[in-house]
Amino acid sequence: MGDSGAGFEISAGLVIGIVLVVIILIILASCINIVPQAHAYIIERLGGYLGTWSVGIHFKLPILDRVARKVNLKEQVMDFAPQPVITKDNVTMQIDTVVFFQITDPKLFTYGVENPIMAIENLTATTLRNIIGDLELDQTLTSRETINTHMRSSLDIATDPWGIKVNRVELKNIIPPREIQDSMEKQMKAERERRESILRAEGEKKSTVLVAEGKKESAILEAEAEKEAAILRAEAKREAMIREAEGRAQAIETVQKATAEGIRYLNEASPSQGVLTIKSLEAFEKAADGKATKIIIPSEIQGVAGLARSLVESVKES
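Parameters and conventions
- Residues numbered from 1 in each chain as written.
- Predicted model: local features only at pLDDT ≥ 70, side-chain atom pairs only at ≥ 80, totals over all residues.
- Heavy atoms only, no water.
- Helix = DSSP H or I, 4+ residues; strand = E, 2+ residues; numbered from the N terminus.
- Buried < 20%, exposed > 50% of the residue type's maximum accessible area, 1.4 Å probe, protein only.
- Contact = heavy atoms within 4.5 Å.
- Areas by Shrake-Rupley, 256 points an atom, 1.4 Å probe, with all protein chains shown as cover.
- 1 Å grid on protein atoms, 1.4 Å probe; cavity = no way out; pocket = protein on both sides within 12 Å on 5 of 7 lines; lining within 4 Å.
- Points joined across faces, edges and corners; volume = space filled by probe spheres on them.
- Nonpolar A, V, L, I, M, F, W, Y, C, P; charged D, E, K, R; others polar.
- Pairing = 2+ DSSP bridges.
- Core = buried A, V, L, I, M, F, W, Y, C linked by side-chain atoms within 4.5 Å.
- Axes fitted to C-alpha atoms, helices over the stretch in contact; angles between N-to-C directions.
- Expected span 1.5 Å × (residues − 1).
- Arc of directions from axis to C-beta.
- Phe/Tyr/Trp six-rings, centres within 6.5 Å; stacked < 30°, edge-to-face > 60°.

J.: I'd like a rundown of the overall build of the protein chain, residues and numbers included.
T.: Scanning the protein chain for helices and strands turns up eight helices and nine strands. The buried share among the 318 residues of the protein chain stands at 20%. Put simply, 62% of the contacts in the protein chain that link residues at least 6 apart link residues at least 24 apart. Total accessible area on the protein chain stands at roughly 22,900 Å², and carbon and sulfur atoms take up 59% of it.

Laid out in structure tokens, this is it:
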């Protein structure tokens, strides 16, 4: 019975020891903190600011130290709901903005203002109303870049004591009243129709110019074609005349060669006076068959002709 009690006491003591060890390990583990990239931790000791932890591993005293705030150092974007603003010409419109900001001082961001995001939103709405109040409706619709620049400058100065830097401000939407929207739509429709008319007129003008240029080009091509055809016809006619002249020249040359050849043969044959006389008569006969009105007869042929006539007369008398 005594041994059982001793064993129970040993087991209870072992369990308590293990629990204490586990508690100590948990406390020690909670004292180790790892700060990730682009973050910063604000550390307080007994409720007062102790320091700012940057990226890396850090240790704190249990119970005495605590992480008061984990600050994100990346650039952040806040899209605020549309705010009612009134222009200089008393037109109420809705404008929603987008603010791009970055925390540059974690300590000021933690202790500078109670709710930094709400403070930025209220400051944005106030700044927007002040800027739009000095502009008329048309200026508001056409001066977005100017409004963005003024708002960024004003917000950056106002948020500097909070450890916040405003990098950029954009007007996301500008929503004028319904009647102004209708008027703007009609105006844009009229502008679109005007541009469409201009484009149509320019298209018709270009089409007319193209047609005229096409006709001009066609006329030029036809004239060039007619010119080429005339040149080809003239060249063909000239070629035909050249060939005809060459043919005649060749014919004359052939006749001359034949005549010369005949004379050569006669010379080689040494013809008698009678043969020459007969040849002369044949030539005279061919000449008489022609269309010439005057024929000059050589004296030799005339003698032969007279002799022939005398013989014919003598035969008739007999």
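Anyway, onward from the coordinates.
J.: Talk me through the layout of surface pockets; I want residue IDs and the actual numbers.
T.: Each pocket or cavity is described by its volume, and for the largest pocket that value is around 240 Å³. Lining the largest pocket are Leu137, Asp138, Leu141, Thr142, Arg144, Ile174, Ile180, Met184, Gln187 and Met188. Of all the secondary-structure elements, those providing two or more residues to the lining of the largest pocket are helix 4 (137-142) and helix 6 (178-269). When the residues that make up the lining of the largest pocket are grouped by side-chain class, the tally is six nonpolar, two polar and two charged.

J.: An account of the pairing of strand 8 (residues 92-103) is requested, with residue identities and associated values reported.
T.: Buried residues dominate strand 8, accounting for nine of its 12 residues. Of the strand pairs in this sheet, strand 7 (residues 83-86) and strand 8 are connected by four bridges, and their pairing is antiparallel. Note that in strand 8 the partner of Pro84 across the bridge is Gln94. Linking strand 7 to strand 8, which pair antiparallel, is a turn of five residues; within it Asn90 sits at a positive phi near 65°.

J.: Would you mind going over the nonpolar core in detail, with residue names and values included?
T.: Ranked by size, the top nonpolar core spans 29 residues in total, and within it Ile95, Val99, Ile120, Leu128, Ile147, Met151 and Leu171 carry the most contacts. Those elements giving two or more residues to this core turn out to be strand 8, helix 3 (116-132), helix 5 (144-159) and strand 9 (164-175). Each residue touching Met151, except ones within four places of it in the same chain, is listed here: Thr97, Thr124, Thr127, Leu128, Ile131, Val169 and Leu171.

J.: If you had to explain the sheet that holds strand 3 (residues 48-53) to someone new, which residues and values would you point to?
T.: One open sheet accounts for three strands, arranged 3-2-5; its pairing is antiparallel. Taken across any chain shown, the strands that pair with only one partner, and hence form the sheet edges, are strand 3 and strand 5 (65-72). Geometrically, the sheet is characterised by an average inter-axis angle of 25° between neighbouring strands, direction not taken into account. Sheet topology places strand 2 (residues 39-45) next to strand 5; seven bridges connect them, and they run antiparallel. By the bridge assignment, Tyr41 is partnered in strand 5 with Lys70.

J.: I'd love a proper account of helix 5, names of residues and values included.
T.: End to end, helix 5 covers 22 Å across 16 residues, agreeing with the expected 22 Å (1.5 Å per residue, within 8%). Within helix 5, burial applies to Ile147, Asn148, Met151, Leu155, Asp156 and Thr159. All buried residues of helix 5 fall inside an arc of 155° around its axis, so they share one side. Close packing links the buried residues of helix 5 with strand 8, helix 3, helix 4 and strand 9.

J.: Residue-level account of the packing of aromatic side chains, with values.
T.: One pass over the structure, following the stated rule, counts one aromatic pair. With centroids separated by 5.9 Å and ring planes inclined at 85°, the aromatic side chains of Tyr49 and Tyr111 adopt a geometry described as edge-to-face. Highlighted residues: Tyr49 in strand 3 and Tyr111 in helix 2 (residues 106-111), separated in sequence by 62 residues. Judged by relative accessible area, which is 34%, Tyr49 ranks as partly exposed.

Honestly, it's all geometry; don't read function into it.
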